[in-house]
Structures are given as C-alpha cells and as structure tokens.
Number of protein chains: 2
Amino acid sequence: MKDVAAAAGVGLKTVSRVVNKESGVSPAMAARVRAVIDELGFRRNDSARLLRTGSTASVGLVLEDIGDPFSSALSRGVEAVAREHGCLLLTGSSAEDADRERELALALCARRVDGLVVVPAGGDHEYLLPEAASGLAVVFLDRPGAGIEADAVLSDNAGGARAGTAHLIAHGHPRIGFIGDLPHIHTCAERLRGYREAMRAAGLPVDERWIATGPTDPATVGRAVRRLLTGGPDGNGGPDPTAAERAAEPVTALFTANNRVTLAALQALAGLPARPALVGFDDLELAALLSPGLTVVAQDPEALGRTAARLLFDRLGHDTSPPRRVELPTRLIVRGSGEVPPA
Amino acid sequence: MKDVAAAAGVGLKTVSRVVNKESGVSPAMAARVRAVIDELGFRRNDSARLLRTGSTASVGLVLEDIGDPFSSALSRGVEAVAREHGCLLLTGSSAEDADRERELALALCARRVDGLVVVPAGGDHEYLLPEAASGLAVVFLDRPGAGIEADAVLSDNAGGARAGTAHLIAHGHPRIGFIGDLPHIHTCAERLRGYREAMRAAGLPVDERWIATGPTDPATVGRAVRRLLTGGPDGNGGPDPTAAERAAEPVTALFTANNRVTLAALQALAGLPARPALVGFDDLELAALLSPGLTVVAQDPEALGRTAARLLFDRLGHDTSPPRRVELPTRLIVRGSGEVPPA
DNA sequence: TTGAAAGCGCTAACAT
DNA sequence: ATGTTAGCGCTTTCAA
C-alpha cells in the first residue's frame, strides 16, 4: 500500500480510501490510484487490516471428522450462515480426540476468530474460559460442552431413540439389541437412554447383554451383530463375568445408534440368511434404495449447523441472555427395515 | 503481552521469549512470567505474530460443495497433510459458481494464506496471477485451472470412463447411455471422451441422443433415464431438431458420470420393472449393499486431496520445477449392476 | 540474560 | 479532498 501511494504520488490514506471505497476521494484521483493498484497487482492485506480494526470477520469450526457425511452436512450449515454474515470459516477436525480438539480450538483462538462452533470430542472445555472472558463467542454443536457456560445445539437424541425403539416394539419385537459407539459420548448415552425409556414404557425387560457399545469399525460392529443375533456371551468381561458368559436370549431387532454403526451393521447383515428388523439413527444417502428400505431416525445436520451458527452470530451481536440449549426434533422415516416382524 | 510485561515488571521481549519458549531466559524469570500469563489469561495473538513474521501457517481450500461426500473426502485429505505441516486450513465452498469461487479465493488471499488448493468452478483463473506473482502457491484439484500455470491433481477421468464403458460393452451392451452433469465441467467432458473412446474402440456407433448432460437434480436425471430407456426424443432441441425429435434406439445400459447422477439414476430406476445395466463413476457408501451391488469406477478422493496438499507444500518449500499435472488412477469395482446382460 | 526501539501493513483520529 | 501521525500486538535487531 505504501508502494502504491509512492508510485501514485499520493498519501497513504488516499490509497486506503480508494481500496475501501470510502467517500471523499475525487473521481480523478481514485482512477489514478486504481490504475496504479492494477499495475502493481496490489491486494490489501486483511490480516493487517483486521489486526488494526480488532475484528477478524472469521469464525472457527471444530468438527469431529470432516470426512464423515454427518460432519460435512453440519459444516455446510455453518458455512452458509457465516457467508451470510460475510465471515470466513476456519475448519478443522479433532478425530474424536480431546487433546486435538483443544489444540485446534486454541489455534483458532490464537488467530482471533470472532466465534467458535465446537463439536466436543473431549469432556472438558474449561480451557476456553480465558478466551470467553476476552470476548470469544462459543456454541457447542451436536453435543453439549462442559466446564463452561455456553449455548448448545443438539438433536433430540433420547426422543429419537425412544421413537425408533418404540417403532420396533410396535412391530412385535420384545427383544431389541442396541449398538452404539463409545458410551461416554453424549449422543450415544442419550440414545441409549431413549432406548431404555421406550423399553420400560412398553413394560419390556432389558438384558444388558443386548447393549453393545464400542468402536464403530466393521469388524467390531460385525461381532456385536452376530453375538446379539445368536445370543452368545458378550465377551466384554463386564462387572458380572459369569452372567455375561451365560448365553442371552437372541434379539429379533436391532437399533443402531449412528450412521457408521448402521453402515457396519448392514454390511454384517448382508451375509446372513434371516435378517432382523433394523432401525438406524441418522439417515443414509441410499437408505431408500436398499431392500428392504432402511427405516431411520433422521436428524437434520444442516439445520443443526445453521442453528448453531445463528446462535453464534446472535452472541456476536451482543445478545447477552443466559446460555440456551436448543434441541432440534428428529424424524422417523419408515422404509421397510423397521417393519419386519420377528422371525 | 504488554500487560503481562507490565504486571511482571519485565521487558516486552522477555515475555515474548517465554511465550515462544526461546532460550536465554533464567528459570526464575520464566516462572514469574508464566505465572502472570496464567493469572491474566493471556494468549498470544497469532495474527499479529504472523503479520510480523510474514508467514501465516495456513492454507486455503476452495471446494465446490463442502456438503458433498466427494468434497468432504477431498478436504479430509488436504487437512491431514496441512496438519502434518502444522498448518491451519481455511475452507469455503463455491457452490459451483465462478464468481463465488473467485471471491472466496481472493478473500483467502487477502488473509495471506501461504497456499491455495482450488477445485475450479470457473473456467478462468487469471485473477490469481497477481497473487502467484507475490508468492502464493496454487494447486488445482479435481479439475485443471486455466489462465495460470499451476500444478493440478486429477483422476484419470477419461481412462476410468473408458474402463467402465468397456466393461458394459464386454457384457454384451451395444447401446449405452451416458448421463453427466454440465458438459463444460472438465470432469464431465473427460468422462464423456472416455465413453466415446471405448465405444469407438469396440467399433460401436454412438447415437448423440444417448448422451444426456445437464443439472443433476433427481427430476432432470429421472427424465433422462426414462428417455434413454424408451428411446424417446431428447427434448434438448439440439443442432438438428428434426433428428433429435426422432425416436432413438433404446439403450440397455447406462454409464452415470458422477456420484450425484448415479444416485439420482438409481432413484429413477427403483420404480422401473426391468433394469438396465449400470456403471457409475464415483463410489457410494452403500454401493455394495444394493441389489444388485453397484458396479463403479471409483476414485480415491482422500488421496487426491493428500496429493494436492503435498504438491502445495513442495511448492512452499521452494520447489520451482515446472508445473506438474498428476493423474491418479481409478479402479473398477465389480459388484453386479454392471454385469446385467441386455434385456 | 535482559530490554529498548523499530517496524510488519493497515486504519482511526486528527490535521491541513 | 487529501495527508500526517500514532498504534493494533507482535518479533527482529541491536545494545546493555
């Protein structure tokens, strides 16, 4: 900019005015400056500008895994709203690792993003307190944060799981298996709660060996599927190994608690002759084209992302009301797999 | 930082040294400074730091649509490599719009990203020349750029389409329909070229009415599917309307040129009694679980992203060799839908 | 080992 | 309508 001013033989501020389309510059002067700008290929350095003005016109998004369709739909929602506000989006993935989440969030803060949308991987967010104290707006997405008072946007996980489980019960299944990811993850815990509530509401007992939680790789989920369907021992070595080692009653239906689990379960079931009823949490792209079609409890991840971003910008607009927790409804989509009667 | 220095009663530079873990500070002093830092909740402002040092330790990624599974896999690849290099990733979507791409790329440049990975939406990238001249590294991804000499990482689109089409031909289909997205998009054009080459290599004629390009919404693709299968007029009002209005021979197989087209075509086919053979470009998550399984020409989007990012960091490491074009192979995955014989 | 001064590229506030 | 000065928060340079 200094170069432009020198080359055009004008003051620095005049160039600044032209670049920022401020009024108070004669057309002739503006034209001359613009000519020099083009000639020199000058582009304003926004980092410097933003350092000076204080705002950064950018928000950060910490996802669990940008490659997961659910995450990318979230991020589409956040991006759309950020864009409406003329804000750039800085994104990173935590790979479901608490340290990485922290590191990433702090890196974004060091860049002085105006606000942060976080899909929590860790269970403690106290590390954001100093940032929040110095003006950072924070919204948690998909899962609530801990150790800091902040807005959260979630799906009605328990309600959705309740509806999905009740749907299976209504189709005659008294024994239903639950397969989820890691039990300490909020969404998994809530969906399990919904499952238990639906069972209890129907007066059905729950055998703890019907509940499988763990990694979502196809091998692990495949083992869980086969165990639940045959009633074998759980192999987890739970608090009561002798009970766990006894065979459980086989289930006739499965509730799979997220998209990756559902996918892995479908793969495991593909080889089997008789298929249990299945309801999955999260919709899948080809769900309607399977046979039978896949019955799911669908979230609206893009709406989740948009809602979180709106909340964030409300806060940036100095909305100082107490932290809110917004819960978005889920929707049961009936397509066939959940209506199979017990074998 | 100034505040910390004042509160600790030390010089500014000492605080800077402690924050950056530079050597040359006595342990006692360092401890005192760190105590004040914690007390005040001080966090270094990286924007200011980077303004001073010149580098920004960040790279930009301009995608077509972050919500598309293909894009998000690309971005996972880019992010992984950026992370290895301690770089933050700034991402945005162009929504397949040239102006938006430009606007986004320039916004990232104004933030002084060190490098830019661009999935081109527009056909002209001259606007990046001034940036490149002042040191920006640029790599195009998925499609080549135009108007600027830069690296590009692509899939072997023509080769993949050739293999897919040849596969259908080998299974006895002389008449094969091609459904793609917009014909000016490089990937579509290349895949169409591959299709034509395979047909010619087999000595088969191509009726232009077997080729449908346009938007990828389910309605448009559905119409194309039905037209190709029944041999109705093309309705495009092409250069030879009278010929176009004559009925064409119905095709017995379809080659769908990207994931969205494949998805839409599958939806359209779901309602139909007799199904044509189908090979799609791009793999889909549930492809193996459909019946018949979906035969595809698979790309490796994560590898595309990683390769592009590696090339970018090579350039940032002052690799000044002439621009390269890297082409990654595709893989035909046989699952059933492409092996259906002609009706 | 420590610190003062200069300056990265820009804009806000105040001249002219 | 245009220019000058100071300073955003940090690092670099050089001096003590």
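For clarity, every value in this text was computed on a predicted model and none was experimentally measured. (Residues numbered from 1 in each chain as written. Chains lettered and ligands numbered in written order. Predicted model: local features only at pLDDT ≥ 70, side-chain atom pairs only at ≥ 80, totals over all residues. Heavy atoms only, no water.)

Asker: Quick rundown of the domain arrangement of chain A? Include the residues and the values.
Answerer: Residue and element names in this part refer to chain A. Along its sequence, chain A is carved into domain 1 (2–44), domain 2 (56–155 + 302–329) and domain 3 (157–299 + 332–339). Between domain 2 and domain 3, the C-alpha centre-to-centre distance is 30 Å. Tallying the contact residues gives ten residues for domain 2 and eight residues for domain 3. On the surface where domain 2 and domain 3 come into contact, there are one salt bridge. Note that Asp68 is salt-bridged to Arg260, the shortest N-O span being 2.9 Å. (Domains from an automatic or database assignment. Contact = heavy atoms within 4.5 Å. Salt bridge = Lys/Arg side-chain N within 4 Å of Asp/Glu carboxyl O.)

Asker: Tell me about the packing of helix α5 (residues 69–84) of chain B against helix α13 (residues 301–316) of chain B, and name the residues and values.
Answerer: All names here are of chain B. The contact between α5 and α13 brings their axes to 7 Å, and the two run at 40 degrees. The angle between α5 and α13 falls in the class oblique. Crossing angle aside, the handedness with which α5 passes α13 is right-handed. Residues Phe70, Ala73, Leu74, Arg76, Gly77, Val78, Val81 and Ala82 of α5 form the contact with α13, whose own contacting residues are Pro301, Glu302, Leu304, Gly305, Arg306, Ala309, Arg310 and Phe313. (Axes fitted to C-alpha atoms, helices over the stretch in contact; angles between N-to-C directions. Helix = DSSP H or I, 4+ residues; strand = E, 2+ residues; numbered from the N terminus. Parallel < 35°, antiparallel > 145°, perpendicular 65-115°, else oblique. Left-handed = near helix turned anticlockwise from the far one by under 90°.)

Asker: So what's going on with the protein's contact with DNA strand C? Which residues, and what values?
Answerer: Around DNA strand C there are 24 residues in total, and Met1 and Asn45 of chain A together with Thr14, Ser26 and Arg52 of chain B lie nearest to it. Per the 4 Å cut-off to the protein, sugar and phosphate atoms form 59% of the nearby atoms of DNA strand C. Side-chain polar atom of Arg52 of chain A to a base oxygen of DNA strand C: 2.9 Å apart, as the coordinates give it. Here a phosphate oxygen of DNA strand C and a backbone polar atom of Ser26 of chain B are 2.7 Å apart. For the surface near DNA strand C, the secondary structure elements donating two or more residues are α2 (12–19) and α4 (46–53) of chain A together with α2 (12–19) and α4 (46–53) of chain B. The dominant element in the surface near DNA strand C, judged by the number of residues it contributes, is α4 of chain A, at four residues. Residues that form the surface near DNA strand C fall into these classes: eight nonpolar, eight polar and eight charged. (Near = heavy atom within 4 Å. Polar contact = N/O pair within 3.5 Å; in protein donor to acceptor, adjacent residues only side chain to side chain. Nonpolar A, V, L, I, M, F, W, Y, C, P; charged D, E, K, R; others polar.)

Asker: Give me the lowdown on the sheet that holds strand β7 (residues 211–213) of chain A, citing residues and values where you can.
Answerer: Residues and elements named next belong to chain A. Taken in spatial order, the six strands of this open sheet run β7-β6-β8-β9-β10-β12, and their pairing is mixed. Only two strands of the sheet have a single partner each, and these edge strands are β7 and β12 (331–333). On average, adjacent strands in this sheet sit at an angle of 15 degrees to one another, irrespective of strand direction. Helix α10 (residues 218–230) rests against β6 (176–180), β7 and β8 (253–256) of the sheet, and its axis sits at about 170 degrees to β6. Across the sheet, helix α12 (residues 259–270) lies against β6, β8 and β9 (277–281), angled at about 155 degrees from β9, the strand it touches most. (Pairing = 2+ DSSP bridges.)

Asker: Explain the interface of chain B and chain A to me, and be specific about the residues and the numbers.
Answerer: Between chain B and chain A, the contact holds 50 residues from the first and 50 residues from the second. Carbon and sulfur atoms supply 56% of the area buried between chain B and chain A, which totals about 4400 Å² over both sides. Counting the contacts that link chain B with chain A gives eight salt bridges. Glu131 of chain B is paired through a salt bridge with Arg43 of chain A; the nearest N and O atoms lie 1.8 Å apart. One can count 23 residue pairs in polar contact (both at pLDDT 80 or more) joining chain B with chain A. For the side of chain B that touches chain A, the secondary-structure elements that each account for two or more residues are α4, α5, β2 (88–93), α6 (98–110), α7 (129–133) and α12 (259–270) of chain B. Top contributing element to the side of chain B that touches chain A by residue count: α6 of chain B, with seven residues. Split by residue class, the side of chain B that touches chain A holds 24 nonpolar, 13 polar and 13 charged. (Buried area = accessible area lost by both parts, 1.4 Å probe.)

Asker: Describe the pairing of β6 of chain A, and please don't skip the residues or the numbers.
Answerer: Residues and elements named next belong to chain A. Counting buried residues in β6 gives five out of five residues, a clear majority hidden from the surface. Of the two faces of β6, the one lined by Ile176, Phe178 and Gly180 and the one lined by Gly177 and Ile179 are each fully buried. Of the strand pairs in this sheet, β6 and β8 are connected by four bridges, and their pairing is parallel. Considered in β8, the bridge of Phe178 is made with Phe255. Across three bridges, β6 lies against β7 in parallel orientation. By the bridge assignment, Phe178 is partnered in β7 with Ile211. For the crossover that starts at β6, traverses helix α9 (residues 186–201) and ends in the parallel β7, the hand is right-handed. (Buried < 20%, exposed > 50% of the residue type's maximum accessible area, 1.4 Å probe, protein only. Right-handed = clockwise from strand over helix to strand, strands pointing away.)

Asker: For the nonpolar core, give the residues involved together with the corresponding values.
Answerer: Of all hydrophobic cores here, the largest spans 94 residues; its most connected members are Ile179, Val225 and Phe255 of chain A together with Ile179, Val225 and Phe255 of chain B. Once you skip the residues sitting within four places of it in the chain, Ile179 of chain A turns out to touch Ala212, Val221, Ala224, Val225, Leu228, Leu254, Phe255, Thr256, Ala257 and Val261 of chain A. Counting 50 residues, the second largest nonpolar core, distinct from the first, contains Leu61 and Leu89 of chain A together with Val59 and Val81 of chain B. (Core = buried A, V, L, I, M, F, W, Y, C linked by side-chain atoms within 4.5 Å.)

Asker: For helix α3 (residues 27–40) of chain B, give the residues involved together with the corresponding values.
Answerer: Residue and element names in this part refer to chain B. Over its 14 residues, α3 runs 20 Å from end to end, which matches the ideal 20 Å to within 8%, given 1.5 Å per residue. Along α3, the positions that sit buried rather than exposed are Met29, Ala30, Val33, Val36 and Ile37. Seen along its axis, α3 keeps its buried residues to an arc of 130 degrees; they face one direction. Facing away from the buried surface of α3 by more than 90 degrees, the exposed residues are Pro27, Ala28, Asp38 and Glu39. Against the buried residues of α3 lie α1 (2–8) and α2. The first or second residue beyond α3 is Gly41, which carries a positive phi of 65 degrees. (Expected span 1.5 Å × (residues − 1). Arc of directions from axis to C-beta.)

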